[in-house]
Amino acid sequence: MTVAPADNLVTVTIDGVEVAVPKGTLVIRAAEQAGVAIPRFCDHPLLEPVGACRQCLVEIPDAGNGRGFPKPQPSCTMTVADGMRVETQQTSEPAARAQRDVLELMLINHPLDCPICDKGGECPLQNQALEHGRGQSRYDGVKRTYAKPIPLSPQLLLDRERCVLCARCTRFAEQISGDPLIGLLERGAKQQIGAFDGVPYNSYFSGNVVQICPVGAITSQAYRFAARPFDLVSTVTTCEHCAAGCQLRVDHRHYEVKRRQAGDDPAANQEWSCDVGRFAFASARGDDRLTRPLRRGPDGLEPAAWPDAIDAVAAALSRAQGRVGLQTGGRLTLETALSYARFAHAVLGTADVDFRARPQSPEEAQFLAAAVAGRGPGQAVSYADLDRARRVVLVGFEPEDESPIVFLRLRRAVLRHGLKVQVVAPLLSPGSRKLSAQLIPAPPGAEAAALAGLEGLDADCVILVGERLAGSPGALSALLAVARSSAAAWAWIPRRAGELAALEAGLLPGLLPGGRPWDDPGARAQLAAAWGIENWPPAPGRSAVEQFQAVLDGQLSVLVLGGLELADLPDPALARRAIEKADFVLSLEQRRSEIAQLADVVLPVGLLEETSGTFIDWQRRFRPVAQVVDRPRSGLTEIRLLSVLAQALGSDLGWRDAAGAAAAWDGLPAWTGPSPAPPAVPVPAADRSAAAGAGLRLASWRELIDDSRRLDRADELAASARPVAVRLSPATAARLGLDRPGAGPVELVGPAGSARFDLVLDSSLVDDVVWAPARAPGDRSLAGLGLAPGDPVRLSSGGDQ
């Protein structure tokens, strides 16, 4: 909390209450500090004032200069002055009368939709009409009507006659998300909200306008007519879709989640949420939800009794004698990740653990162990640091797609404080353009050289890097070197919500919980005393890719896979071969998947909404995950299931639920010994083959709305995805003969197949680079084509190029 200095305060009297507030404070905010509620519709604390609805009129007998205003004034646009005297509707009859008149005018054309309106029961217009309006309407004319509803996008519907023209939605689109695709159309009595012809309001943040609309004019397809507010049970929790740590309010009815709304957390998402966090919660509601164990028999996977399935798993794990690889993905809470870590180290006797179900590298493992693990909130960059920064450099990180709230906070700093954003990338993305970012051109693999060449960095600068830098040799080493030499702050922001928790839990080869290095005898002794580990494996463990290769080489015999998707892995073909060859594969899953179909035993686990725990966001803050519904369909949480498996193996996990795991985490002493050595990979020599016109290099990242299974049963959300296309620079397209009229779609060719895409020319793109979305709908996964960023790639149109 920032306290204004005394010389920056002015004193204002509101309804006889004297209050001191900073200069420039709006009258309506000063009234809030005085405990006076002034009714309003257009006002929102995170939007610029506009004075559109006039519902917040107050009387000002003295403007601080001994003179007052002859008529009531809108308190949402007027700033306070020293000595000002304000009288609200509570003490001034002219102010109360003015508010009643404005409200009456609003209700003249407003329909009597309350019994069917989604906003009914939580509607500011209802509340204010009851508190400040007339008891009976004096209007007996014909109300204005429109055809209803009209779609603003695949997700949003507009009932125009409900709209009070507060302009909250249009201001959000312009000022917050940077997607000014809706606006005020027409003039006078015909004025209305609308989208531009043929351009739907497809924004990653469109659901926010539903939440901030004060009258139910904009509603969502997913929630329309689904429930009433007084039917819902609300729970505050943390979003599971990225590492931003957004607070959400989850509403459920009859043990089924009906909607999710953004919570109010100034230190994280403020009052906003991306559409994935808001609408992607129904993926496990279908027939593929697992509620009973499955065990492979002569005819494939068949339902099995819990004791039989547990016994089969225990027998296979006992036979393996520690030759077990364990992979979890990045979806776990800290408590669940810690349970997996203890299960691996103390029960199975294996150090082959990895949470990275994505592209990875040994350099990244060193970087995470040495520079990321074990850091607390006081040692990490925060949103407040982004607000204060003079310059932010983005490397291997596309915030709008990979951490949307970081994007919103950066855009806010750009607009309010003049923050300068630079992007080390092969092109300016749509999100980068909204940040008015400066492009530092870097083809794939050249990020290390670009980082080493950054100039003018100092303590007022922040470098934000993403998990994609794992695929750029030397980039993470260059980051640490640049940060040391310039005193610039930096942060690593993964795409998944559970990655930092898994890292702290020690689910990384060469790392133990709390940032302890595996090869430090003191660290192993400390953990052995806490967990009762008698024998340690001879080696610090293998990465996920190395585990799959070890299975093929006969060095590992069993795989324990928790929540992995084959398409997410860096080499799906390698993973499939290893899973098919392994002597035994255990899959712990919420719903059927490709990996589950290949497993020998599948144990169902509860959804996140059915359990509790803690995420660690990119600021290193612990974010609570609350149990939303209390009837898990599977019957067992992952922690409880790991405890049962440990008992079946004649061991003890040490706890049976999230509370026990949290207590165990709190009981671990902080590691004060040496950290692992940081990576020191040199900056690679420039690859001049592409620059010489020898071929194309692939650039890619995952877009926020793509072919992910988390969007299953969120059809409206999936329909709002950006158009799927590959991008080329005009010069490269001309060289390939793809710039001629009617060239049509192109074929992207990789070692394992090809896929067809539309072609877009982008003048910001580095020459001899093709950009393509990593997971495009329609089986167009680049990993499935055998491609990764930086790989050589071919494009064909009619004939091979």
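In this text the structure is predicted, and so the values were computed from the model without any measurement. (Residues numbered from 1 in each chain as written. Predicted model: local features only at pLDDT ≥ 70, side-chain atom pairs only at ≥ 80, totals over all residues. Heavy atoms only, no water.)

Chemist: Pulling in residues and values, what's your account of helix α17 (residues 521-531)?
Modeler: Considered for burial, the residues of α17 that qualify are Ala523, Arg524, Leu527, Ala528 and Trp531. Mapping the buried residues of α17 onto a view down its axis gives an arc of 130 degrees, with all of them on the same face. Set apart from the buried face of α17 by more than 90 degrees, the exposed residues are Pro521 and Ala529. Each element contacted by the buried residues of α17 is listed here: α8 (334-348), β23 (511-512) and β24 (516-517). Residue Asp520 occupies the N-cap position of α17, its side-chain oxygen lying 2.8 Å from the main-chain nitrogen of Gly522. (Buried < 20%, exposed > 50% of the residue type's maximum accessible area, 1.4 Å probe, protein only. Helix = DSSP H or I, 4+ residues; strand = E, 2+ residues; numbered from the N terminus. Arc of directions from axis to C-beta. Contact = heavy atoms within 4.5 Å. Polar contact = N/O pair within 3.5 Å; in protein donor to acceptor, adjacent residues only side chain to side chain.)

Chemist: So what's going on with the packing of aromatic side chains? Which residues, and what values?
Modeler: One pass over the full model with this rule turns up six aromatic pairs. Consider the rings of Phe205 and Phe407, whose centres lie 6.0 Å apart with planes at 15 degrees: the pair is stacked. Residue Phe205 is located in the loop between β9 (192-195) and α5 (207-212), and its partner Phe407 is located in helix α12 (residues 404-417); the two are separated by 202 residues in the primary sequence. Of the two residues, Phe205 and Phe407, both sit in the buried class. On the basis of an interplanar angle of 45 degrees and a centroid distance of 5.4 Å, the ring pair of Phe367 and Trp490 is categorised as tilted. Of this pair, Phe367 sits in helix α9 (residues 362-372) while Trp490 sits in strand β22 (residues 489-493), and the two are 123 residues apart along the sequence. Looking at Phe367, the relative accessible area reads 0%, which means it is buried. On the basis of relative accessible area, Trp490 is assigned to the buried category, the value being 10%. In this arrangement the basic side chain of Arg375 is found over the ring face of Trp490, its NZ or CZ atom lying 4.6 Å from the centre. (Phe/Tyr/Trp six-rings, centres within 6.5 Å; stacked < 30°, edge-to-face > 60°. Lys NZ or Arg CZ within 6 Å of the ring centre and 35° of its normal.)

Chemist: Can you lay out the sheet that holds strand β12 (residues 247-253) for me, pointing to particular residues and giving the numbers?
Modeler: Strand pairing in a sheet is mediated by backbone hydrogen bonds. Such pairs are either parallel or antiparallel. If you trace the three strands from one edge of the open sheet to the other, you get β11-β12-β13, paired in antiparallel fashion. A single partner strand is all that each edge strand has here, and the edge strands are β11 (233-238) and β13 (256-262). Looking at each pair of strands side by side, their axes are set apart by 30 degrees on average, direction ignored. Where β12 meets β13, six bridges bridge the pair, whose relative direction is antiparallel. Along β13, the bridge assignment pairs Leu248 with Ala262. (Pairing = 2+ DSSP bridges. Axes fitted to C-alpha atoms, helices over the stretch in contact; angles between N-to-C directions.)

Chemist: How would you summarise the sheet that holds strand β26 (residues 584-589) if you had to cite specific residues and measurements?
Modeler: Here we have seven strands laid out as an open sheet, ordered β15-β14-β27-β26-β25-β16-β17, and mixed in their pairing. With partners counted over all chains shown, the strands left at the sheet margins are β15 (300-303) and β17 (353-354), one partner each. When strand β16 (residues 324-327) meets strand β25 (residues 558-562), the two strands line up parallel, connected through four bridges. Following the sheet pairing, Val324 is matched in β25 by Val558.

Chemist: I'd like a description of the pattern of salt bridges, backed by residues and values.
Modeler: Counted by the stated rule, this structure contains 61 salt bridges. For Arg260, the salt bridge identified is with Glu240, shortest N-O distance 3.2 Å. Of this pair, Arg260 sits in strand β13 while Glu240 sits in the loop between β11 and β12, placing them 20 residues apart in sequence. Between Asp288 and Arg709 there is a salt bridge whose closest N-O contact spans 3.5 Å. Of this pair, Asp288 sits in the loop between α6 (275-279) and β14 (294-297) while Arg709 sits in the loop between β30 (696-701) and α23 (715-719), and the two are 421 residues apart along the sequence. (Salt bridge = Lys/Arg side-chain N within 4 Å of Asp/Glu carboxyl O.)

Chemist: Report on α12, specifying residues and quantitative values.
Modeler: Its 14 residues place the ends of α12 20 Å apart at the C-alpha level, agreeing with the 20 Å of an ideal helix rising 1.5 Å per residue. Among the 14 residues in α12, 10 count as buried, and that is most of the element. What α12 keeps buried is the set Pro404, Ile405, Val406, Phe407, Leu408, Arg409, Leu410, Arg411, Ala413 and Val414. Once α12 ends, the next one or two residues include Gly418, with phi positive near 70 degrees. (Expected span 1.5 Å × (residues − 1).)

Chemist: I'd like a rundown of unusual backbone geometry, residues and numbers included.
Modeler: Between Lys148 and the following residue, Pro149, the backbone shows a cis peptide bond with an omega angle of -15 degrees. Topologically, Pro149 is positioned in the loop between α3 (124-132) and β6 (150-151). Backbone geometry at His254 places phi at a positive 55 degrees, although glycine is not the residue there. For His254, the location among the structural elements is in the loop between β12 and β13.

Chemist: Now, about the pairing of strand β2 (residues 17-22): what can you tell me, with residues and values included?
Modeler: Relative to β2, strand β1 (residues 9-14) is paired through six bridges, and the arrangement is antiparallel. Paired with Val12 across the strands is Val19, a residue of β2.

Chemist: Lay out the confidence of the model for the protein chain in plain terms, naming residues and giving numbers.
Modeler: Averaged over all residues, the pLDDT of the protein chain is 93; the fraction at 70 or higher stands at 97%. Long-range and interchain partners of residues 689-693, a stretch whose pLDDT sits below 50, account for nine contacts in this model, where long-range means more than four residues apart. (pLDDT = per-residue confidence, 0-100.)

Chemist: So what about the packing of helix α2 (residues 93-108) against α3? Which residues, and what values?
Modeler: Where α2 meets α3, the closest approach of the two axes is 10 Å, and the angle between their N-to-C directions is 130 degrees. As judged from the angle between their axes, α2 and α3 are oblique. Crossing handedness for the pair α2 and α3: left-handed. Every residue of α3 that contacts α2 at Gln99, Arg100, Leu103 and Leu107 is listed here: Leu125, Gln128, Ala129 and His132. (Parallel < 35°, antiparallel > 145°, perpendicular 65-115°, else oblique. Left-handed = near helix turned anticlockwise from the far one by under 90°.)

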